[in-house]
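The chain contents come next:
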Amino acid sequence: MRTNDAAARRYGFGDALKNFLISNSVPIIFILLSAAAIPLSGFSAAYLIQEMFTRLARNSFLVLSLLIPIMAGMGLNFGMVLGAMAGQIGLILVTDWSVVGIPGLVLASLISMPIAALLGYVCGSVLNRAKGREMVTSYILGFFVNGIYQFVVLYVIGIRGMLKIPFTNAEIRIPVTNPQLVLSRGYGVRNAINLTGLRHALDNALQYDFHGGTAAAPFSINVPLSTYIVIAAFCLFILWFRRTKLGQDMRAVGQDMAIADSSGIAVERTRIIAIVMSTMLAAFGQIIFLQNIGTMNTYNSHDQTGMFSIAALLIGGATVSKASIANVFVGVALFHLMFVVSPMAGKELIGQAQLGEYFRVFVSYGIIAVALVLHAWKRNQARERERRGLRGEA
Amino acid sequence: MSVSGSPIRARRLLIRLLTVACLVGAGFLMYRLGKEFEVIIDNGPVSVGGVRYEAMPYGTVRIDEDTKGFDMWADDRVIRKMVGKNHRLTVIVLNEDDDSVLKTVERDITLDFNPRAEMVSVSAIIAESGGILTPNPLYSGEPVFVPDAAPAPSTEEGAPDDIFSGMEP
């Protein structure tokens, strides 16, 4: 009996270990790759720690905004790029009005809210008509709204109007008075906007400098405490939100829409609210991201927002149907660690930094593909086990 | 027990309207608190209200709590950024030879003028004049565009403007 018990325990531990490794295969692979690449890159620990603190502060809010649609069973919200565009419009207007510092960031967020809410509503309504295909639909919707955004920013915003209402002299124009923001033809926003008044406004509000090292090799690590306080507040909001009725409704909808509908939950309305919230939070996240960068590429900054955020979340061990706050921070740290060390590691290994960058892109997105395939495979396996169980097979 | 929907709906609507009003109010407050003005501070001779004031030969100007300030000589003109509408300018007239303080004048200013069209005159502040604004002689009222990265093609007289001219990649 004792032998059988011991065998059962060993089997249990082995089984648990196997499950752990499979469930966390992506972050484990990334940790191993990073462990190999860090010594090759030659970067010091202090430099890497500083980079990680900076990048976590810059990107975590954006990735956290993905959690709510996953909770509602809508998968990975590629439509967060709509929120990023709304945030950028807020920043353009605030820069034109020369509102600086924290008031400028808050005002940009307030301006982006109705725009993001409208875009989120449209996105949510479209996704309700594409149940089961939310991810690809939101991905394509992002391209569509990107076209509208580029049209607005290129032809509608300006000092002079280019578009006129037919049969009248009235201009269709979002007025901007700062000529430094506008192309010389009088309309259309410039390619790159210097966010001088907003640069590091949130990061520098409250920061802590950690000094260490030896007399021969001192180092200093700057931690933007205010940004982390905002991120922590968002994490607390998510934890609180999960316990509210709306949060529970979203979880119910995420688990099974039919049962949620039978229980009296307004499924479609709940899904729309999830996307609206995610889009608005993505707008705030993009504002936090750009204030850290300090420069906004009007036509490009939002392009990779969705892809990078989703990549980071998947690398953190999240799946299409389940994600936690821990996945966010682990994923951002690992993803951006690869960003930092790959070029130099590639240069040391192969002799060209660009090849290191290709390697990073290949590994990062290849791992995402593996994660998505694994998710689909596990889901099929679970369904097959369920069917076998119903048929009474061993 | 059934609850009538109408008072609940009315209460919800009221809460939502109040929330929107608070957000709009917050926006106006942030605008007022964070608006930055580029103010031209001029130390040239100036006529205000028919009275002529000579330039300060040498001195230091401080804005608000800035203890360091910046030095100004006669005919200097500087641009300083100020956040918010209300500020205090402190002008300290100094002896050019030994930097001793000859006179100190504090003046509260409200930036409710067009900072591109008018300048703040140090000379008028020292003279403790009622008006301290003087017209900016370089202001034309037309926007001054920064050249684009790629120069726009020139258009011949009478030819329609190319809508793609000046478009950046």
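What you are looking at is a predicted structure, and each value in this text was computed from that prediction instead of being measured. (Residues numbered from 1 in each chain as written. Chains lettered and ligands numbered in written order. Predicted model: local features only at pLDDT ≥ 70, side-chain atom pairs only at ≥ 80, totals over all residues.)

1. Considerations on the overall build of chain A
Then, in step 1: The helix and strand inventory of chain A stands at 14 helices and eight strands.
Then, in step 2: Expressed along its principal axes, the backbone C-alpha trace of chain A runs to roughly 90 × 70 × 40 Å.
Then, in step 3: Taken over 394 residues, chain A has a buried fraction of 42%.
Then, in step 4: Contacts in chain A between residues far apart in sequence, at least 24 positions, make up 70% of those at least 6 positions apart. (Helix = DSSP H or I, 4+ residues; strand = E, 2+ residues; numbered from the N terminus. Buried ≥ 20, exposed ≤ 12 C-beta atoms within 10 Å, placed from the backbone. Contact = placed C-beta atoms within 7 Å.)

2. Here's the deal with the overall build of chain B
Then, in step 1: Scanning chain B from terminus to terminus reveals two helices and 10 strands.
Then, in step 2: Across chain B, helices and strands are ordered from the amino to the carboxyl terminus as α-β-β-β-β-β-β-β-β-β-α-β.
Then, in step 3: Counting over 169 residues, chain B shows a buried share of 17%.
Then, in step 4: By sequence separation, contacts in chain B at least 24 residues apart represent 53% of the contacts at least 6 residues apart.

3. Topic: the packing of helix H3 (residues 45-64) of chain A against helix H13 (residues 325-349) of chain A
Residue and element names in this part refer to chain A.
Then, in step 1: Contact pair H3 / H13: the axes reach a minimum separation of 9 Å and the direction vectors enclose 130 degrees. With respect to H13, the axis of H3 lies oblique. The chirality of how H3 crosses H13 is right-handed. Contacts between H3 and H13 involve Leu48, Glu51, Met52, Arg55, Leu56, Asn59, Ser60, Val63 and Leu64 from the first element and Val328, Phe329, Gly331, Val332, Ala333, His336, Leu337 and Val340 from the second. (Axes fitted to C-alpha atoms, helices over the stretch in contact; angles between N-to-C directions. Parallel < 35°, antiparallel > 145°, perpendicular 65-115°, else oblique. Left-handed = near helix turned anticlockwise from the far one by under 90°.)

4. Here we look at the sheet that holds strand E1 (residues 36-42) of chain B
All names here are of chain B.
Then, in step 1: Pairing within the open sheet is mixed, and its four strands lie in the order E6-E1-E9-E10. Looking along the sheet, the strands with just one partner apiece sit at the ends: strand E6 (77-83) and strand E10 (133-135). Taking each pair of neighbouring strands and ignoring which way they run, the sheet shows an average axis angle of 45 degrees.
Then, in step 2: In this structure, E1 lies alongside strand E9 (residues 118-121), joined through two bridges in parallel fashion. Within E9, the residue paired with Asp42 across the bridge is Ser121. (Pairing = 2+ DSSP bridges.)

5. Some words on the nonpolar core
Then, in step 1: Core analysis: the largest hydrophobic core is formed by 102 residues, its most contacted members being Leu66, Leu313, Leu314 and Ile315 of chain A.
Then, in step 2: Contacts of Leu313 of chain A, omitting those with residues within four sequence positions, involve Val63, Leu66, Ala318, Ala323, Asn327, Val328 and Gly331 of chain A. (Core = buried A, V, L, I, M, F, W, Y, C linked by C-beta atoms within 7 Å.)

6. Overview of the confidence of the model for chain B
Keep in mind that low pLDDT regions are not for reading the predicted coordinates in detail.
Residue and element names in this part refer to chain B.
Then, in step 1: Mean pLDDT for chain B: 81, with 79% of residues reaching 70 or above.
Then, in step 2: Least confident of the elements in chain B is E10, whose mean pLDDT is 82; most confident is helix H1 (residues 5-34), at 93.
Then, in step 3: Predicted confidence is poor over residues 150-169, with pLDDT under 50, and the contacts of this stretch with residues over four places away or in other chains come to 20 contacts.
Then, in step 4: Overall fold confidence (pTM) sits at 0.85, and the ipTM for the predicted complex is 0.83. (pLDDT = per-residue confidence, 0-100.)

7. Regarding helix H7 (residues 134-156) of chain A
Then, in step 1: Helix length check: H7 of chain A, at 23 residues, gives a terminal C-alpha distance of 31 Å against a target of 33 Å (1.5 Å per residue), a fit within 8%.
Then, in step 2: Of all the residues in H7 of chain A, the buried ones are Glu134, Met135, Thr137, Ser138, Leu141, Gly142, Tyr149 and Val153 of chain A. (Expected span 1.5 Å × (residues − 1).)

8. Topic: the pairing of E9 of chain B
Then, in step 1: With three bridges joining them, E9 of chain B and E10 of chain B adopt antiparallel strand pairing. In the strand pairing of E10 of chain B, Met119 of chain B is matched with Thr134 of chain B.

9. Examining unusual backbone geometry
Then, in step 1: The phi torsion at His200 of chain A lies on the positive side, around 60 degrees, for a residue other than glycine.
Then, in step 2: Residue His200 of chain A is classed as partly exposed on the basis of its 15 C-beta neighbours within 10 Å.
Then, in step 3: Here the phi dihedral of Asp99 of chain B falls at roughly 60 degrees; this positive angle occurs in a residue that is not glycine.
Then, in step 4: Here Asp99 of chain B shows up in the loop between strand E7 (86-94) and strand E8 (101-110).

10. Details of the packing of helix H9 (residues 245-255) of chain A against helix H11 (residues 267-293) of chain A
All names here are of chain A.
Then, in step 1: Between H9 and H11, whose axes approach to 10 Å, the crossing angle comes to 110 degrees. In terms of orientation, H9 and H11 fall into the roughly perpendicular class. The segment H9 lies against H11, with Leu246, Asp249, Met250 and Val253 engaging Val267, Thr270, Arg271, Ile273 and Ala274.
Then, in step 2: Of the residues that constitute the contact of H9 with H11, the class distribution is six nonpolar, one polar and two charged. (Nonpolar A, V, L, I, M, F, W, Y, C, P; charged D, E, K, R; others polar.)

11. Side note on the sheet that holds E8 of chain B
To summarise the sheet geometry, strands pair through backbone hydrogen bonds and adopt either a parallel or an antiparallel arrangement.
Residue and element names in this part refer to chain B.
Then, in step 1: Taken together, four strands build an open sheet; the order of strands is E5-E4-E7-E8 and the sheet is antiparallel. Edge positions in the sheet fall to strand E5 (70-73) and E8, since each of these pairs with one other strand and no more. Along the sheet, successive strands turn relative to each other by an average axial angle of 25 degrees, direction set aside.
Then, in step 2: Relative to E8, E7 runs antiparallel, the two being bridged by nine bridges. The residue bridging Asn86 from the neighbouring strand is Thr110, located in E8.

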